[in-house]
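# Structure at a glance
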Amino acid sequence: MKRRVVITGLGIVSPVGNDIDTAWNNIINGRSGVGPVTRFDASALNSRIAGEVKDFDITEFISAKDARQMDTFIHYGVVAGTQAWQDAGLDIEHEDADRIGVIVGSGIGGLSRIEETQTEYLQRGARRISPFFVPASLINLISGQLSIMLGLKGPSYAVVSACTTGLHSIGDAARLIEYGDADVMVAGGAESSVSPLGMGGFAAMRALSTRNDDPEGASRPWDRDRDGFVLGEGAGVVVLEEYEHARRRGARIYGEFAGYGMSSDAHHITSPDQDGPRRGILHALHNGKVNPDEVSYINAHGTSTPLGDKNETSALKLAFGDHARNLVVNSTKSMTGHLLGAAGGIEAVFTTLAVYHQVSPPTINLFNQDPECDLDYCANQAREMKIDVALSNSFGFGGTNGSMVVRRI
């Protein structure tokens with residue numbers, strides 16, 4: 001029989017804060033974390049704004065020597081994972097380490113370290129390549145480093161599925177618990193791609209907002225004047241736990257991970273399709289034995305792209321029928337930007353907190369709603385409301401989709 005899975009720990013590094021209390025307070029109060037790029041000189045790009053992580057000090061968690069052996073995306077994942085572990089109140093000395101694992105993925109991985117190493121190689125030769133270059137850049141090394149630091153001897157690997165990575169990581173981790181391969185999993189996503197190649201690549205696609213004179217107003221999902229997404233960075237990690245295991249130790253339970261659905265558009269690598277997200281949503285509801293009319297809140301993918309926002313709106317109407325008009329839909333990307341492979345991770349954190357605190361965050365910068373995006377997007381103001389069942393969506397390049405259900409417990 002499938003075992004129940006609950007959420008007992010949360011951790012975050014993000015443009016709106018590097019701990020749960022700070023990030024949630026900023027999200028609920030509609031504060032944007034977007035600003036001018038400071039990581040490098042972006043003057044040659046058409047988009048010069050990003051949701052950068054600020055005031056982050058990795059040496060508060062690990063030594064400077066160890067930190068130099070990792071790319072920044074691993075720093076973010078390790079810190080968010082450590083926070084989530086501590087938040088869950090787990091003690092490895094009193095647990096079976098073989099029953100606890102990690103799946104924290106990334107969409108792109110160590111891009112910054114790869115860029116820097118290539119420059120060093122061209123300027124100073126092969127002898128300047130660090131022996132830590134490869135492990136510093138590998139996507140599964142967030143999971144590897146966390147398992148080493150925390151002493152977790154269960155499953156340890158990474159999921160890579162572009163912007164669906166974080167959600168797929170959490171969903172896969174839940175399945176391991178449901179079917180008995182683990183009792184506890186640390187899961188989520190991390191990303192650090194605010195770099196010349198990272199931003200340059202998306203800028204070349206004309207995917208990024210060019211509202212450079214108004215960074216905080218640039219990410220505006222479902223607004224008629226949206227002109228692309230804002231690149232973000234950070235990590236979001238949750239601790240998933242088998243229900244009886246959590247109950248026996250008196251854990252605080254934020255909510256139940258009640259359903260998980262996946263699908264592929266089989267359509268186009270970047271242009272979305274309504275049917276793929278629709279099927280992913282319905283698979284998640286079916287997996288959780290949830291009727292569509294039980295869902296009241298959705299943390300949408302909501303990237304602020306002209307086509308993507310319209311497509312998700314259509315998919316929601318197809319999946320929920322008439323009940324779509326009763327849904328409260330929001331996009332926290334209006335405040336964080338789009339964290340790529342980390343997006344599903346931090347949005348799982350925000351969805352869980354929405355259920356736990358019974359409040360929908362706002363979608364900020366929604367002043368001129370696109371008539372083709374005609375649902376209730378919780379414009380500009382948080383809303384206290386009854387949330388028994390919530391859904392979070394993530395969609396990625398290649399037409400890969402993921403949806404997860406969080407139920408109040």
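Above: the structure in question.
What this report covers is the structure whose coordinates are included nearby. Throughout, residues of each chain are indexed from 1 in the direction in which the sequence is written. For this predicted model, a pLDDT threshold of at least 70 governs which residues receive local features, and a threshold of 80 or more governs which side-chain atom pairs are given and counted, while totals over whole chains, interfaces and linings are taken from all residues. Excluding hydrogens and water, the side-chain values take into account all heavy atoms of the structure.

## A few points about the overall build of the chain
Each helix corresponds to a stretch of at least 4 residues labelled H or I by DSSP, and each strand to a stretch of at least 2 residues labelled E; elements are numbered beginning at the N terminus. When you go through the chain residue by residue, the secondary structure sums to 13 helices and 14 strands. Atoms counted for the radius of gyration: C-alpha only. Globule rule: 2.2 Å times residue count to the power 0.38. Against the compact-globule benchmark of 22 Å for 409 residues, the chain has a radius of gyration of 20 Å, which places it among compact chains. Reported as C-alpha extents along the three principal axes, the dimensions of the chain are approximately 65 × 55 × 40 Å. Counted over contacts in the chain with a minimum sequence separation of 6, partners at least 24 positions apart contribute 79%. For the chain, the exposed area adds up to about 15600 Å²; of that, 49% sits on carbon and sulfur atoms. The charge count includes Lys and Arg as positive and Asp and Glu as negative, but it does not include His or the ends of the chains. Charged groups are reduced to one reference atom each: NZ for lysine, CZ for arginine, CG for aspartic acid, CD for glutamic acid. Between the centroid of the 36 positive side chains of the chain and the centroid of its 49 negative side chains there is a distance of 2 Å. Any two residues whose heavy atoms approach within 4.5 Å are treated as being in contact. All accessible-area figures derive from a Shrake-Rupley calculation using a 1.4 Å probe, and residue coverage is judged against the displayed protein chains alone.

## Brief notes about the side chain of Ser32
Positionally, Ser32 belongs in the loop between helix H1 (20–28) and strand E2 (35–36). Burial classification: accessible surface area is computed with a 1.4 Å probe over protein chains only, and a residue below 20% of its type maximum counts as buried, one above 50% as exposed, and the rest as partly exposed. For Ser32, a relative accessible area of 18% puts it in the buried group. Polar contacts, as counted here, are pairs of nitrogen or oxygen atoms within 3.5 Å of one another; within protein the pair requires one atom able to donate a hydrogen and one able to accept it, and residues that are adjacent in sequence qualify only if both atoms are side-chain atoms. Within the structure, Ser32 has its side chain in polar contact with the backbone nitrogen of Val34 (distance 3.1 Å). In contact with Ser32, not counting residues within four places along its chain, are Val16, Glu216, Ser334, Met335 and Ile364.

## Considerations on the environment of Ser403
Note that Ser403 resides in strand E14 (residues 400–407). For Ser403, the contacting residues outside a window of four places in its chain are Leu167, Gly259, Tyr260, Gly261, Gly280, Ile281, Ala284, Leu391, Ser392 and Asn393. Here the side chain of Ser403 touches Asn393 through a polar contact of 2.7 Å, side chain to side chain.

## Details of unusual backbone geometry
Phi at Lys289 is positive, roughly 50°, even though this residue is not glycine. Structurally, Lys289 is set in the loop between helix H10 (275–287) and strand E9 (297–299). Since its relative accessible area comes to 70%, Lys289 is described here as exposed. Its identity is not glycine, yet Ser304 carries a phi of approximately 85°, on the positive side. Checked against the element boundaries, Ser304 lands in the loop between E9 and helix H11 (306–320).

## Digging into the pattern of salt bridges
Each salt bridge in this description consists of a side-chain nitrogen of Lys or Arg and a carboxyl oxygen of Asp or Glu lying within 4 Å of one another. On inspection of all chains with the given rule, the structure shows 23 salt bridges. With a shortest N-O distance of 3.0 Å, Asp183 and Arg99 are connected by a salt bridge. With Asp183 in the loop between helix H7 (165–178) and strand E6 (184–191) and Arg99 in the loop between helix H3 (72–88) and strand E4 (100–105), this residue pair connects regions lying 84 residues apart in the sequence. Look at Asp183 and you get buried, because its relative accessible area is 16%. Assessed through its relative accessible area of 22%, Arg99 is described here as partly exposed.

## A few points about the packing of H7 against helix H13 (residues 343–357)
As a rule, the C-alpha atoms of each element are fitted with a line to give its axis, helices using only the stretch in contact, and angles between N-to-C directions run from 0 to 180 degrees. Between H7 and H13, the shortest axis-to-axis distance is 5 Å and the interhelical angle comes to 65°. Overall, the two elements H7 and H13 adopt an arrangement that is roughly perpendicular. Residues Gly166, Leu167 and Ile170 of H7 touch H13, and the partners they reach there are Gly344, Gly345 and Ala348. Under this grouping Gly is polar, as are all residues other than the nonpolar Ala, Val, Leu, Ile, Met, Phe, Trp, Tyr, Cys and Pro and the charged Asp, Glu, Lys and Arg. Looking at the contact of H7 with H13, its residues break down into three nonpolar, three polar and no charged. The scheme is simple: roughly parallel for angles under 35 degrees, roughly antiparallel for over 145, roughly perpendicular for 65 to 115, oblique for anything else.

## Examining the environment of Asp370
Its location among the elements puts Asp370 in the loop between strand E11 (359–360) and strand E12 (383–384). In this view, Asp370 contacts Trp222, Asp223, Arg224 and Arg226; residues no more than four positions away in its chain are not counted. A distance of 2.8 Å separates the side chain of Asp370 from the backbone nitrogen of Glu372, its partner in a polar contact.

## Topic: the packing of aromatic side chains
For this analysis, a ring pair means two rings from Phe, Tyr or Trp (six-membered ring only for Trp) whose centres lie within 6.5 Å, classed as stacked if their planes differ by under 30 degrees, edge-to-face if by over 60, and tilted for the remaining angles. Inspection of the entire model under this criterion finds seven aromatic pairs. Taking the centre distance of 5.3 Å and the plane angle of 75° together, the rings of Phe202 and Phe229 count as edge-to-face. Of this pair, Phe202 sits in helix H8 (residues 196–204) while Phe229 sits in the loop between H8 and strand E7 (234–242), and the two are 27 residues apart along the sequence. Residue Phe202 shares its accessibility class with Phe229, and that shared class is buried. Ring pairing ties together the aromatic residues Phe202, Phe229 and Phe397, which thus form one cluster.

## Description of the side chain of Gln145
Residue position: Gln145 is located in helix H6 (residues 141–150). In this structure, Gln145 is in contact with Met70, Ile74 and Val78, ignoring residues within four places of it in sequence.

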